[in-house]
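Read off the chains here:
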Amino acid sequence: MSQEIGVTGLAVMGANLARNLARHGCRVVVHNRTRARTDALLAAHGDEGEFVATGSVHEFVAALQRPRRVVVMVQAGAPTDAVVEELMAVLEAGDVLVDGGNARYTDTIRRTAACAEKGVHFVGAGISGGEEGALLGPSIMPGGSAEAYALVGPLLESIAAVVDGTPCCTHVDGDGAGHFVKMVHNGIEYADMQLIAEAYDLLRLRLGMSPAEIGEVFAGWNEGDLDSYLIEITAEVLRHVDADTGRPFVDVVLDQAEQKGTGRWTVQSALDLGVPVSGIAEAVFARALSGHAEQRAAARGVLPGPAAPPEPVGDRDGFVEAVRQALYASKVVAYAQGFDQIAAGAQAHGWNVDRAALATIWRGGCIIRARFLDRIRQAFTDDPGLTTLLVHPYFRDAVAQCQEGWRTVVVEAVRAGVPAPGFASALAYYDGLRAERLPAALVQGLRDLFGAHTYRRVDREGSFHTLWSEDRSERPVG
Ligand SMILES: NC(=O)C1=CN([C@@H]2O[C@H](COP(=O)(O)OP(=O)(O)OC[C@H]3O[C@@H](n4cnc5c(N)ncnc54)[C@H](OP(=O)(O)O)[C@@H]3O)[C@@H](O)[C@H]2O)C=CC1
Ligand SMILES: O=C(CO)[C@H](O)[C@H](O)COP(=O)(O)O
């Protein structure tokens, strides 16, 4: 295979992927809608490898040998459609188009079908790692057919991060599957960050610790089971001081979290699939609440909190440890929910998704890379059909060991009026899963009473309806 590829879309991700490819000995033909980006890339980094700068899409495609391999790294949505359409006017049967952006997986399914009509392979590839990962080794989740993967997989594997000698790139078999798993990856990323933010908030508000002190705590946690990229950069952000004001950086940033859409899509998809990804949903809603400036301004100083100011926390070290436990246990819940959604999505779409392989490639390169992903890899290797990570002996025991601190923290947050939706909903999910009986039985009874929606019984097969407004006798239905 000749080591050659085209990259169009040279903003932070595309430019760094192009550099990564060039550094790995690939001849990289580059293009960007606005020529200035192409020129800037060549001027700053043209000596890092073999780049061929092109100005138009025709020139770009013509500079590539057949079968052409093209990576598109532009904004998701309409911009991607525009670029794909332009390229499809020039590409030919047998060429491969890789969309490395954060496309919605349903768009990828549509684009794959449209490209297939002309015999062009379309590969929706989730790429994670941000600016630095794109340059030094991202985690790559290419979907599409095995035939297409054979044409681009080895090249993508060559530029991915490597953990224990394994490239963080795996074929996620099925049209749209690569972008589906990337979407869930981002959903988990949202949940993880929300939990981290709640841990920070509780340490700050209940122990009066400064951001820098909390940064030290996170740095310490990064030495243990919580070891992960997000914990590491949390320490960095919390220790950062604003140069203009001398204040902690986190205090000069507006407290309104933004989002581009992948977390929201994850929850929308989970709703369709009926998978309770409560941790991801809470994270998306927490960002939405933070951005509801008007409602927050209306409520601030008006809605009363706890009647009496909360008692100061007596055991400072004990509380720090309890927060660590709450963070770890809630994080396991969020990942368990995300992997459940992946299994459900794969089943619904007929994709062949190996969760152990995904955990393997998420150990490096991506934003959610974490030490405990190796444990997740092991869990799905031990039992590829594992119903939920939470019942795997390792995670069952690890979460059980955190349970006391987790409950303490949720109680303390509620008592003190500190919002901790991630911790609380993760605990409610855990308790919901392990409950002998759930009050869903009452919900079923209510549905049957007001709408004759029927119910199933614990002691007999079939569906039933009670004649509530008559003699309350029960009838089998269907
Ligand atoms: N930034 C990150 O950390 C990550 C981003 N991604 C995804 O990777 C993709 C690229 O991200 P990023 O590098 O941040 O860049 P942006 O998402 O900011 O996209 C900018 C690029 O899109 C091009 N573009 C926008 N509209 C059009 C259009 N109509 N026609 C042609 N080109 C267009 C721009 O060209 P021009 O210069 O002419 O404006 C530019 O090259 C996105 O899908 C993003 O979601 C994935 C992982 C991480
Ligand atoms: O894809 C990514 C990492 O894997 C991006 O960092 C992610 O899209 C950021 O999302 P948002 O802006 O919604 O927080």
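Cut-offs used in this document
- Residues numbered from 1 in each chain as written.
- Chains lettered and ligands numbered in written order.
- Predicted model: local features only at pLDDT ≥ 70, side-chain atom pairs only at ≥ 80, totals over all residues.
- Heavy atoms only, no water.
- Helix = DSSP H or I, 4+ residues; strand = E, 2+ residues; numbered from the N terminus.
- Buried < 20%, exposed > 50% of the residue type's maximum accessible area, 1.4 Å probe, protein only.
- Polar contact = N/O pair within 3.5 Å; in protein donor to acceptor, adjacent residues only side chain to side chain.
- Contact = heavy atoms within 4.5 Å.
- UniProt positions renumbered as here; feature names shortened; annotations may be inferred.
- 1 Å grid on protein atoms, 1.4 Å probe; cavity = no way out; pocket = protein on both sides within 12 Å on 5 of 7 lines; lining within 4 Å.
- Core = buried A, V, L, I, M, F, W, Y, C linked by side-chain atoms within 4.5 Å.
- Domains from an automatic or database assignment.

Peer 1: Tell me about the side chain of N186, and please be specific about residues and values.
Peer 2: Within the element layout of this structure, N186 appears in helix α8 (residues 177–207). N186 sits in the buried class, given a relative accessible area of 5%. In terms of polar contacts, N186 uses its side chain to reach the side chain of H185, at 2.9 Å. Discounting residues that sit within four places of it in the chain, N186 has contacts with N102 and T262.

Peer 1: Which residues make up the side chain of H31, and what are the values?
Peer 2: With respect to the helices and strands, the residue H31 is situated in strand β2 (residues 27–31). Filtering out sequence-adjacent residues up to four positions away, H31 remains in contact with V7, T8, G9, L10, T38, T54, G55, S56, V57 and F60.

Peer 1: Now, about the UniProt feature "active site" (unreviewed entry) in the chain: what can you tell me, with residues and values included?
Peer 2: If you check UniProt for "active site" (unreviewed entry), the listed places come out as K182 and E189 in our numbering. Lining residues of the second largest pocket drawn from the annotated list: K182 and E189. Secondary-structure assignment places K182 in helix α8. Judged by relative accessible area, which is 4%, K182 ranks as buried. The contacts of K182, once residues within four sequence positions are left out, are N102, G126, I127, S128 and M141. For E189, a relative accessible area of 14% puts it in the buried group. Leaving out residues up to four positions away in the same chain, E189 has contacts with L230, I367 and I368.

Peer 1: I'd love a proper account of the UniProt feature "binding site: substrate" (unreviewed entry) in the chain, names of residues and values included.
Peer 2: Summarizing the sequence annotation, UniProt attributes the feature "binding site: substrate" (unreviewed entry) to N102, S128, G129, G130, H185, N186, Y190, K260, R287, R447 and H453 in the numbering used throughout. Taken together, the annotated residues stretch across 352 residues and extend over separate regions, lying up to 48.4 Å apart by C-alpha. Residues from the named set that contribute to the lining of the largest pocket are Y190 and R287. Relative to the elements of secondary structure, G129 occurs in the loop between β6 (121–128) and α6 (130–136).

Peer 1: Run through the nonpolar core, naming residues and quoting values.
Peer 2: One finds F218, W221 and W362 to be the most contacted residues of the largest nonpolar core, which totals 93 residues. The biggest single contributor to this core is helix α15 (residues 316–349), with 17 residues. Counting residues domain by domain, this core receives three or more from each of domain 1 (4–171) and domain 2 (182–434). With residues near it in sequence (within four places) discarded, W221 still touches A199, L203, L226, D227, I231, V320, V323, R324 and L327. Judged by nonpolar contacts, the second largest core, of 31 residues, contains A15, F51, V71 and V152.

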